[in-house]
Number of protein chains: 2
Amino acid sequence: MYMSLKIALLGILDLAPMTGYDLKKSIEASVAHFWSADQSQIYRTLAALVADGLAEVEVIPQDGRPDRREHHITPAGRAALNDWLRSPLEPETPHDAFLMRLFFVGTLGVPATRAVLRARRSQAIAMLAGLRSVAEQDQTHREPDDRAPDDLGRRLRFATLRNGILHAEAELAWLNETKEALG
Amino acid sequence: MYMSLKIALLGILDLAPMTGYDLKKSIEASVAHFWSADQSQIYRTLAALVADGLAEVEVIPQDGRPDRREHHITPAGRAALNDWLRSPLEPETPHDAFLMRLFFVGTLGVPATRAVLRARRSQAIAMLAGLRSVAEQDQTHREPDDRAPDDLGRRLRFATLRNGILHAEAELAWLNETKEALG
DNA sequence: CACCTATACAGGACTACGCAAGTATCATTT
DNA sequence: AAATGATACTTGCGTAGTCCTGTATAGGTG
């Protein structure tokens, strides 16, 4: 959890300098399946990066529109990013509201329990469909004979999608198993 | 995310009245695989429940030790719990620091990427072993001919463990697939 | 012409949470 | 005799995050 939005911003700024506004859109377009951030939180975190010397602002005047405050990653920022990427992963403490619901819903009886499981099933199916369509586009837009230097990065971005897909499938398998176990 | 610790506390207090201290231990013993909470956060949230009329305190003097401030769920608390259990599940916005790491680690090259995946593998194996041992104890301690009124609750508590196990297995399967994909 | 959307940012109010330390006493262990 | 661990709760500090509102202006749509 710690520092993760800072890292997300540094990681994206490492690919290209951009404004807070651009970052918000970039997050929605590329890492939304495993991370999300509020607009105001992005601006605040960006200000923190600048304060820490990890990013710098280049003001680009525009007419009509507000100035672009384009943020560039600094060498210190790149070092902080790389340090974090190589640091040990702290095992995350789980917070799963759905499992909590299931844990306690038994007192309301079998019909209420089934309703909770059905709702989860709908969500899992929607999630799976969303991930699959993004993954297909990813496969389609890919050059057939890609020997580009960012080939590793592309494979890894695809792998994060596959992760979501396999977990969504596991969730559906678990839902079937659990439905059976309720008789 | 919202209200979930309140719900966890109400859910546990619905089974038996207890102190904040007891709640901390109860959470560690029963829902730790999908929820965790800091001690001070438990006390704060408990105070909020009392302020909202969802729980009441019964002070039980003890000699030597501090008084037990035993918290009991109120009818309003039970109603709030049941309302939440029947409310629609808000789809959770994901925050997965590991996938973020993987997404950006490509710039550091294949060896650093493999290191990240290996670390994840160790964690997944440890997680799986932990869940399996809890699940086995659960199976063993269970009465063979259980027709108790809380049979549904017991099955659901077991189902939350199975959920964790299936996801840990899915994670390992994904790790194997991803390792292959890196060549 | 009114409304909506996009671009671009700022700031307050609030919730949730974790870490750390402090207060107090008894029982057990070294 | 001193350290530790269990019971039981409190307080302060800092981080991370959301929601909502406000400030501008340009361009397109009904």
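Placed above this text is the structure.
Not measured: the values here are computed from a predicted model.

All names here are of chain A. Secondary-structure assignment places Asp151 in helix 7 (residues 151-181). The exposure class of Asp151 is buried, given its relative accessible area of 13%. There is a polar contact of 2.7 Å between the side chain of Asp151 and the side chain of Arg154.

The next subject is the protein's contact with DNA strand C. Surrounding DNA strand C, one finds 27 residues, the nearest of these being Tyr21 and Arg69 of chain A together with Asp38, Ser40 and Arg44 of chain B. Restricting attention to atoms of DNA strand C within 4 Å of the protein, one finds that 60% of them are sugar or phosphate atoms. Arg69 of chain A places a main-chain nitrogen or oxygen 2.8 Å from a phosphate oxygen of DNA strand C. Arg44 of chain B places a side-chain nitrogen or oxygen 2.9 Å from a base oxygen of DNA strand C. Listed by contribution, the elements that provide at least two residues to the surface near DNA strand C are helix 2 (20-30), helix 3 (39-51) and strand 2 (68-73) of chain A together with helix 3 (39-51) of chain B. Its residues placed into classes, the surface near DNA strand C shows eight nonpolar, 10 polar and nine charged.

With that settled, the discussion passes to the packing of helix 1 (residues 4-15) of chain A against helix 2 of chain A. All names here are of chain A. Across the interface, helix 1 lies against helix 2 with an axial gap of 11 Å and an inter-helix angle of 100°. For the element pair helix 1 / helix 2, the angle class is roughly perpendicular. Listed contacts from helix 2 to Leu5, Leu9, Ile12 and Leu13 of helix 1 are Leu23, Ser26 and Ile27. Partitioning the contact of helix 1 with helix 2 into residue classes produces six nonpolar, one polar and no charged.

Definitions and cut-offs
Residues numbered from 1 in each chain as written. Chains lettered and ligands numbered in written order. Predicted model: local features only at pLDDT ≥ 70, side-chain atom pairs only at ≥ 80, totals over all residues. Heavy atoms only, no water. Helix = DSSP H or I, 4+ residues; strand = E, 2+ residues; numbered from the N terminus. Buried < 20%, exposed > 50% of the residue type's maximum accessible area, 1.4 Å probe, protein only. Polar contact = N/O pair within 3.5 Å; in protein donor to acceptor, adjacent residues only side chain to side chain. Near = heavy atom within 4 Å. Nonpolar A, V, L, I, M, F, W, Y, C, P; charged D, E, K, R; others polar. Axes fitted to C-alpha atoms, helices over the stretch in contact; angles between N-to-C directions. Parallel < 35°, antiparallel > 145°, perpendicular 65-115°, else oblique. Contact = heavy atoms within 4.5 Å.

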